[in-house]
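Tertiary structure, described
If you want the building blocks of each chain, they are given just below.
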Amino acid sequence: MFVHMLVLAVVLLAAGTAFAEVPAKVAKPIKMVVLGDSLSAGLGLSASAAFPARLQKSLETNGIAVDMINAGVSGDTSSGGRDRLDWSVPEGTEAVIVELGANDALRGTDPAVTRSALTDILTRLKARHIAVLLCGMLAPPNYGSDYSARFNAIYPDLAKSFGVPLYPFFLEGVATDARLNQADGMHPTAEGVDVIVKNILPTVKAFLGAISGQRS
């Protein structure tokens, strides 16, 4: 009898050890794409210093797992982003940060063209049931107040009409600060990217939190 009890105790102990070794269920990483231009591509920086990589690292530090794709193309306009949307945002993508429009503004593109391209992007992503965080851009002052008013209104207007979250100005805290920009005065340094990430992080966390909530 004693032997039987001893054997049973050993079996139970082994079973308990086996169960203890089963890891807790880990949340599946959110598949995310940053669709943008040189500001997200990381022009002049190493891949690890570009905005998507730095954002991913910051999110992971905060316990949020993401599979990140950097779909930034230097020189791209909103129209360019629209034209490559299907292959830049693969099937299975759950979240897209749209960072486009800086080159439109620098070139003085008709705001109606920019608005149309961004509208197409948001419409097509919505049709694919992909969540979007829209990053705003501000026009430089050299094109005049009328142009700036028309261009700057694009992002809040679209965010409202599509019901997507808006980060009002992607370069908040970095634009015009020579210490945080490369020699061209337009593209952030690695330190500048870290400032962008720090500022946008609360918005991104809320954005991804909503996606996680819809999963459960």
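Let us look at the structure shown here.

About the criteria used
Residues numbered from 1 in each chain as written. Predicted model: local features only at pLDDT ≥ 70, side-chain atom pairs only at ≥ 80, totals over all residues. Heavy atoms only, no water. Helix = DSSP H or I, 4+ residues; strand = E, 2+ residues; numbered from the N terminus. Buried < 20%, exposed > 50% of the residue type's maximum accessible area, 1.4 Å probe, protein only. Contact = heavy atoms within 4.5 Å. Areas by Shrake-Rupley, 256 points an atom, 1.4 Å probe, with all protein chains shown as cover. Pairing = 2+ DSSP bridges. Core = buried A, V, L, I, M, F, W, Y, C linked by side-chain atoms within 4.5 Å. Axes fitted to C-alpha atoms, helices over the stretch in contact; angles between N-to-C directions. Parallel < 35°, antiparallel > 145°, perpendicular 65-115°, else oblique. Nonpolar A, V, L, I, M, F, W, Y, C, P; charged D, E, K, R; others polar. Arc of directions from axis to C-beta. Salt bridge = Lys/Arg side-chain N within 4 Å of Asp/Glu carboxyl O.

1. Let's talk about the overall build of the protein chain
When helices and strands are tallied, the protein chain shows 10 helices and 5 strands. A total of 216 residues make up the protein chain; the buried ones form 43% of that total. Pairs at least 24 residues apart make up 77% of the contacts formed inside the protein chain by residues separated by at least 6 positions. On the protein chain, roughly 11300 Å² of surface is accessible, and the fraction owed to carbon and sulfur atoms is 62%.

2. So, the pairing of strand β3 (residues 95–99)
As a general feature of sheets, a regular strand has side chains that alternate between the two faces. Burial analysis of β3 places 5 of its 5 residues in the buried class, which makes it a mostly covered element. Covered by surrounding structure in β3 are Ala 95, Ile 97 and Glu 99 together with Val 96 and Val 98, the residues of both alternating faces. Summarising the sheet, strand β1 (residues 30–36) and β3 pair through 5 bridges and their orientation is parallel. Residue pairing for β3: Gly 36 is matched across the bridge by Glu 99.

3. Concerning the nonpolar core
Membership of the largest hydrophobic core comes to 56 residues, with the highest contact counts inside it found for Phe 51, Leu 55, Val 98, Leu 125, Val 204 and Leu 208. In terms of residue count, helix α10 (residues 190–215) provides more of this core than any other element does, 9 residues in total. Leave out the neighbours within four places in its chain, and Phe 51 touches Val 34, Leu 39, Ser 40, Phe 170, Val 193, Ile 196, Val 197 and Ile 200.

4. Focus on the packing of helix α7 (residues 111–127) against helix α8 (residues 145–152)
For the pair α7 and α8, interaxial distance at closest approach is 9 Å and the crossing angle is 10 degrees. Relative to α8, α7 is oriented roughly parallel. Contact residues: α7 offers Pro 111, Ala 112, Thr 114 and Arg 115, while α8 offers Tyr 147, Arg 150 and Phe 151. Within the contact of α7 with α8, the residues separate by chemical class into 4 nonpolar, 1 polar and 2 charged.

5. Some thoughts on helix α9 (residues 154–162)
Buried residues of α9: Ile 154, Tyr 155, Leu 158, Ala 159 and Phe 162, and no others. Seen along its axis, α9 keeps its buried residues to an arc of 120 degrees; they face one direction. Every exposed residue of α9 that faces more than 90 degrees away from the buried side is listed here: Lys 160 and Ser 161. One or two steps after α9, the chain reaches Gly 163, where phi turns positive at roughly 65 degrees.

6. Examining the sheet that holds β3
Spatially, 5 strands are ordered β2-β1-β3-β4-β5 in an open sheet, and the strand pairing comes out parallel. In the strand order of this sheet, the two ends are held by β2 (66–72) and β5 (166–167), each with one partner. Of the strands in this sheet, β1, β3 and β4 (131–135) touch α7, which is tilted by about 180 degrees from β3. Against the sheet, α9 engages β4 and β5, with an angle of about 160 degrees to β4.

7. Describing unusual backbone geometry
Keep in mind that most residues, glycine aside, have a negative phi and that most peptide bonds are trans. We note that His 129 has phi near 60 degrees; this positive angle belongs to a residue other than glycine. Note on placement: His 129 falls in the loop between α7 and β4. For His 129, a relative accessible area of 74% gives the class exposed. Notably, Thr 176 is not glycine yet its phi reads approximately 70 degrees, a positive angle. Along the chain, the position of Thr 176 falls in the loop between β5 and α10.

8. Examining the side chain of Arg 84
Note on placement: Arg 84 falls in the loop between α4 (78–83) and α5 (85–88). For Arg 84, a relative accessible area of 6% puts it in the buried group. Residue contacts for Arg 84: discarding those within four places in its chain leaves Leu 35, Gly 36, Ala 71, Gly 72, Val 73 and Asp 76.

9. Points about the pattern of salt bridges
Using the criterion set out here, one finds 10 salt bridges in the structure. For Arg 115, the salt bridge identified is with Asp 157, shortest N-O distance 3.0 Å. Of this pair, Arg 115 sits in helix α7 while Asp 157 is found in helix α9, placing the two residues 42 residues apart along the sequence. Judged by its relative accessible area of 28%, Arg 115 falls in the partly exposed class. For Asp 157, a relative accessible area of 37% translates into the label partly exposed. Among the charged side chains, a network of salt bridges with common partners joins Arg 82, Asp 83 and Asp 120.

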